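Each chain, letter by letter, is given below.
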There are 2 protein chains.
Amino acid sequence: MVATRPYADALARLRATKLRPTRQRLALAKLLFSGADRHVTAESLHKEARANRVRVSLATIYNTLHQFTRAGMLREVIVDSTRSYFDTNTSHHHHFFCEQSQLLEDIPSGAVSVGTLPPPPRGTSISRIDVVIRVHPR
Amino acid sequence: MVATRPYADALARLRATKLRPTRQRLALAKLLFSGADRHVTAESLHKEARANRVRVSLATIYNTLHQFTRAGMLREVIVDSTRSYFDTNTSHHHHFFCEQSQLLEDIPSGAVSVGTLPPPPRGTSISRIDVVIRVHPR
DNA sequence: CAATAGTTTAGAATCGTTCAAGAGAAAAAA
DNA sequence: TTTTTTCTCTTGAACGATTCTAAACTATTG
Ligand SMILES: [Mn+2]
Ligand SMILES: [Mn+2]
Ligand SMILES: [Zn+2]
Ligand SMILES: [Zn+2]
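Conventions used here
Residues numbered from 1 in each chain as written. Chains lettered and ligands numbered in written order. Predicted model: local features only at pLDDT ≥ 70, side-chain atom pairs only at ≥ 80, totals over all residues. Heavy atoms only, no water. Near = heavy atom within 4 Å. Polar contact = N/O pair within 3.5 Å; in protein donor to acceptor, adjacent residues only side chain to side chain. Helix = DSSP H or I, 4+ residues; strand = E, 2+ residues; numbered from the N terminus. Contact = heavy atoms within 4.5 Å. Buried area = accessible area lost by both parts, 1.4 Å probe. Salt bridge = Lys/Arg side-chain N within 4 Å of Asp/Glu carboxyl O. Nonpolar A, V, L, I, M, F, W, Y, C, P; charged D, E, K, R; others polar. Pairing = 2+ DSSP bridges. Axes fitted to C-alpha atoms, helices over the stretch in contact; angles between N-to-C directions. Phe/Tyr/Trp six-rings, centres within 6.5 Å; stacked < 30°, edge-to-face > 60°. Buried < 20%, exposed > 50% of the residue type's maximum accessible area, 1.4 Å probe, protein only. Expected span 1.5 Å × (residues − 1). Arc of directions from axis to C-beta.

Caption draft 1: Examining the protein's contact with DNA strand C more closely. Taken together, 20 residues form the shell around DNA strand C, and within it A:T22, A:Q24, A:T60, B:Y62 and B:S84 come nearest. Within the contact set of DNA strand C, a phosphate oxygen lies 2.5 Å away from a side-chain nitrogen or oxygen of A:T22. One of the backbone nitrogen or oxygen atoms of B:T82 is found 3.3 Å away from a sugar or linking oxygen of DNA strand C. For the surface near DNA strand C, the secondary structure elements donating two or more residues are α2 (23-33) and α4 (58-70) of chain A together with α4 (58-70) of chain B. In terms of residues, the surface near DNA strand C owes the most to one element, α4(B), which gives 4 residues.

Laid out in structure tokens, this is it:
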């Protein structure tokens, strides 16, 4: 049985922000948060919306992805210098990234331990540590 | 005293590849490898070339960065989903990346230890592990 | 309901990067 | 050296992902 809770949570958070629960946002939230955690690009989500007869412009897809990210419902993952990926799993974790399939796979935070860190550059503090393990078909 | 060896090494490697030592490639190699290790973007290198009265088209900058990368003289660093960075330090190491200044800073490989790794996705093997520590001005 | 503020949309614009084709330069052959 | 071949460089167009614009639309408020 697939989690339906995350979607309810997402709706609650939608309400908690100043974002109006519009037809488009609700439909996209449903697609994004009704099942297991996932990684999407603007284009992949747009395709999926169309496949589910949800009519949304690409501009709205971008707007929504950024708004959900600001609201803490999504997190951006940087693994490709030409495309942005968004992750429904906002907890601290890392990724496998297959350069060939362009697919991301989660690595639970506990499965990677980053040891002794050098101090960050003068005047800065750490906002986040990303570990990306690039893989290729054997 | 700034290292002049890396430049000589780069020239040697240029020769070792099938890349002809053209005026443009020599000039760019000199800019890239005459001093300490550094991180450049196509645009930043283009600006630097112009500032040094090296006339090179942007297309050649891109071609050269990719050719040097294929030749193992540079390595691409992925920290930004809109721009490509190239690193003259091709040894295994990690990075601090300041989202504000868009500047990279090296972290010696030894300064970070990545612990227990989960097995890569079925049918794939690890090609590289990247640790990016994002920082922001305090 | 009317007024207001926020949202969506199509299409144009932008930006980094790549492509295409012809002119130019280096290497190999003669 | 000259000729021929191969590779390289350049300009400008093309591209793909993303953002912007301004007008139409919708949710919220009073
Ligand atoms: Mn973005
Ligand atoms: Mn590239
Ligand atoms: Zn993830
Ligand atoms: Zn580096």
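Past the structure itself, the notes keep going.
Caption draft 2: Region of interest: the interface of chain B and chain A. Facing 38 residues of chain B, the contacting portion of chain A comprises 38 residues. Interface area for chain B against chain A, summed over the two sides, is near 3200 Å², with a carbon-plus-sulfur share of 55%. Interface area lost by chain B to chain A is led by B:I78, B:S81 and B:R134, which between them contribute 18%. The tally of links from chain B across to chain A stands at 2 salt bridges. Where chain B packs against chain A, one counts 18 residue pairs in polar contact (both at pLDDT 80 or more). Looking at which element gives the most residues to the side of chain B that touches chain A, the answer is strand β6 (residues 124-137) of chain B, with 14 residues. Each residue belonging to the side of chain B that touches chain A can be placed in one class, and the counts come to 19 nonpolar, 11 polar and 8 charged. Direction of pairing for strand β6 (residues 124-137) of chain A relative to β6(B): antiparallel, over a ladder of 13 bridges. Of the residues in β6(B), the one forming a bridge with A:R134 is B:R128.

Caption draft 3: Just the pattern of salt bridges, in detail. Going through the model one piece at a time under the given rule, you end up with 12 salt bridges over all chains. When the shortest N-O distance is used, the salt bridge between A:E48 and A:R38 registers 2.7 Å. Taken together, the residues span a long stretch of sequence, with A:E48 in helix α3 (residues 42-51) and A:R38 in the loop between α2 and β1 (39-40) at a distance of 10 residues. Through salt bridges with shared partners, a single ionic network connects A:R75, A:R128, A:D130, B:E99 and B:R134.

Caption draft 4: Up close: the sheet that holds β6(A). The 6 strands are arranged β5(A)-β4(A)-β6(A)-β6(B)-β4(B)-β5(B) in an open sheet whose pairing can be described as mixed. Both edges of this open sheet fall to β5 (103-108) of chain A together with β5 (103-107) of chain B, since each of them pairs with a single strand only. Neighbour-to-neighbour, the strand axes of the sheet open up by a mean angle of 30°, direction not taken into account.

Caption draft 5: Structural view of the packing of aromatic side chains. Residues and elements named next belong to chain A. This structure, assessed with the given rule, holds 4 aromatic pairs over all chains. Note on F33 and F68: the rings are 6.1 Å apart at their centroids and 40° apart in plane angle, and the pair reads as tilted. Of the two residues, F33 is situated in helix α2 and F68 in helix α4; the sequence distance between them amounts to 35 residues. The exposure classification of F33 matches that of F68, with both residues buried.

Caption draft 6: Structural detail: helix α1 (residues 5-16) of chain A. Residues and elements named next belong to chain A. Counted at 1.5 Å a residue, the expected span for α1 with its 12 residues is 16 Å, and the 16 Å between its end C-alpha atoms agrees. Among all positions of α1, only Y7, A10, L11 and L14 are buried. For α1, the arc enclosing every buried residue in end-on projection is 100°, short of the 170-degree limit, so these residues lie on one face. Turned more than 90 degrees away from the buried face of α1 sit R5, R15 and A16, all of them exposed. Contact partners of the buried residues in α1: α2 and α4.

Caption draft 7: Spotlight on α4(B). Residue and element names in this part refer to chain B. Between its terminal C-alpha atoms α4 stretches 18 Å, which fits the 18 Å expected from 13 residues at 1.5 Å a residue. If you check which residues of α4 are buried, you get I61, T64, L65, Q67 and F68. On its buried face, α4 is in contact with α1 (5-16), α2 (23-33), β1 (39-41), α3 (42-51) and β3 (85-87). Where α4 ends, the next residue or the one after it, G72, has phi of about 80°, a positive value.

These figures capture arrangement, not role.
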